[in-house]
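Single-letter residue listing:
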Amino acid sequence: MKLMRTFIVIFFVSLFFVSHSSGDLIDNICKKTSDYKLCVDSLIADPKSSSADKKGLAHIMLQLSLAKAGDIYNQTLVLLKKPMEPILKQCI
Ligand SMILES: *[C@@H]1O[C@H](CO)[C@@H](O)[C@H](O)[C@H]1NC(C)=O
């Protein structure tokens, strides 16, 4: 599920921001993630990231994480309302 992958990448990037910094923050940090493009796109989409320091970027990423987690939760609720095999329901 793409959302889940996004969430996981963002989560680990957030952890990285909290513990690291240097030069071109976004570029350096995103290079070390499993999905560079997703990482950069996520940060660049937020206008606050251009002027943000390490802490600011961590804040932005955590907010993105929360929003994605909310999306996943909502999608899960939608899925659970659909008729399906009980075993699938348990997995979800
Ligand atoms: C999830 O659904 C609730 C209720 O419909 C809504 O208020 C909330 O904004 C949704 N969250 C996200 C992240 O879309």
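Counting from 1, residues in each chain are numbered in the order their sequence is written. Only residues with pLDDT of 70 or above have their local features reported here, since the model is predicted, and side-chain atom pairs are shown and tallied only from 80 upward, although totals for entire chains, interfaces and linings are computed over all residues. The basis for every side-chain value is the complete set of heavy atoms in the structure, and neither hydrogens nor water enter the calculation.

Undergrad: What exactly am I supposed to notice about the overall build of the chain here?
TA: Counting its secondary structure elements, the chain contains 5 helices and 0 strands. Shown N-terminal to C-terminal, the secondary structure of the chain runs as helices and strands in the order α-α-α-α-α. Throughout this description, buried means an accessible area under 20% of the type-specific maximum (1.4 Å probe, protein chains only), exposed means over 50%, and partly exposed covers the range between. Taken over 92 residues, the chain has a buried fraction of 28%. Counting only carbon and sulfur atoms, one obtains 64% of the accessible surface of the chain, whose full area is about 6,300 Å². Runs of H or I in DSSP of at least four residues are treated as helices and runs of E of at least two as strands, each being numbered from the N terminus. Note on areas: Shrake-Rupley, 1.4 Å probe, and residue coverage restricted to the protein chains presented here.

Undergrad: Teacher, can you tell me more about helix 4 (residues 54-81) here?
TA: In an α-helix, one turn spans 3.6 residues; hence positions three or four apart end up facing the same way. In this analysis, the expected span of each helix is defined as 1.5 Å times one less than the number of residues it contains. Taking 1.5 Å as the rise per residue, helix 4 with 28 residues should run 40 Å; its terminal C-alpha atoms sit 41 Å apart, in good agreement. Listed as buried for helix 4 are G56, L57, A58, I60, M61, S65 and I72.

Undergrad: When you look at the nonpolar core in this model, what are you seeing that I'm missing?
TA: Soluble globular proteins tend to pack their nonpolar side chains together in the buried interior. Working definition of a nonpolar core: buried Ala, Val, Leu, Ile, Met, Phe, Trp, Tyr and Cys residues. They are joined through side-chain atoms within 4.5 Å. Membership of the largest hydrophobic core is limited to 10 residues, which are L25, I26, I29, C30, C39, V40, L43, L57, I60 and M61. Residue assignment for this core shows that the elements contributing at least two residues are helix 2 (25-31), helix 3 (36-44) and helix 4. No other element matches the 4 residues that helix 2 contributes to this core.

Undergrad: Just to check I follow, could you spell out the state of the cysteines for this structure?
TA: In protein chemistry, a disulfide is the covalent bond that joins the sulfur atoms of two cysteines. Two cysteine sulfurs form what is called a disulfide whenever their separation falls within 2.5 Å. Tallying each qualifying case throughout the model produces 1 disulfide. Each sulfur in the disulfide pair C30 and C39 lies 2.0 Å from the other. Where C30 bonds to C39 through sulfur, the torsion about that S-S bond is close to -70°, and the disulfide is left-handed. Side by side, C30 and C39 carry an identical accessibility label, which is buried.

Undergrad: Is there a simple way to think about the site of the ligand in this case?
TA: For each residue, the test is whether any non-hydrogen atom lies within 4 Å of the molecule or strand; if one does, the residue is near. With respect to spatial proximity, the complete set of residues near the ligand consists of A67, G70, D71 and N74. Any pair of nitrogen or oxygen atoms within 3.5 Å is treated as a polar contact; in protein, a donor-acceptor pairing is required on top of that, and neighbouring residues in sequence qualify only through side-chain atoms on both sides. Side-chain polar atom of D71 to an oxygen atom of the ligand: 3.3 Å apart, as the coordinates give it. At 2.4 Å, a side-chain N or O of N74 approaches an oxygen atom of the ligand. When the ligand is considered free in solution it has 360 Å² of accessible area, and contact with the protein chains removes 30% of it. Asp, Glu, Lys and Arg are counted as charged, while Ala, Val, Leu, Ile, Met, Phe, Trp, Tyr, Cys and Pro are counted as nonpolar; the rest, among them Gly, fall into the polar class. In terms of residue class, the shell around the ligand is built from 1 nonpolar, 2 polar and 1 charged.

Undergrad: I tried to follow the packing of helix 3 against helix 4 on my own but got confused; where do I start?
TA: Think of two packed helices as two axes; the pair is described by the angle between the axes and how far apart they sit. To obtain an axis, a line is fitted to C-alpha atoms, over the contacting stretch when the element is a helix, and the angle between two such axes runs from 0 to 180 degrees between their N-to-C directions. At a minimum axis distance of 10 Å, the contact between helix 3 and helix 4 shows a crossing angle of 100°. Here helix 3 is positioned roughly perpendicular relative to helix 4, judged by the angle of their axes. Of the residues in helix 4, those touching helix 3 at C39, S42 and L43 are L57, I60, M61 and L64. Here the word oblique covers every angle except those under 35 degrees (roughly parallel), over 145 (roughly antiparallel) and from 65 to 115 (roughly perpendicular). Contacts are residue-level and defined by heavy atoms, with any inter-residue pair within 4.5 Å sufficient.

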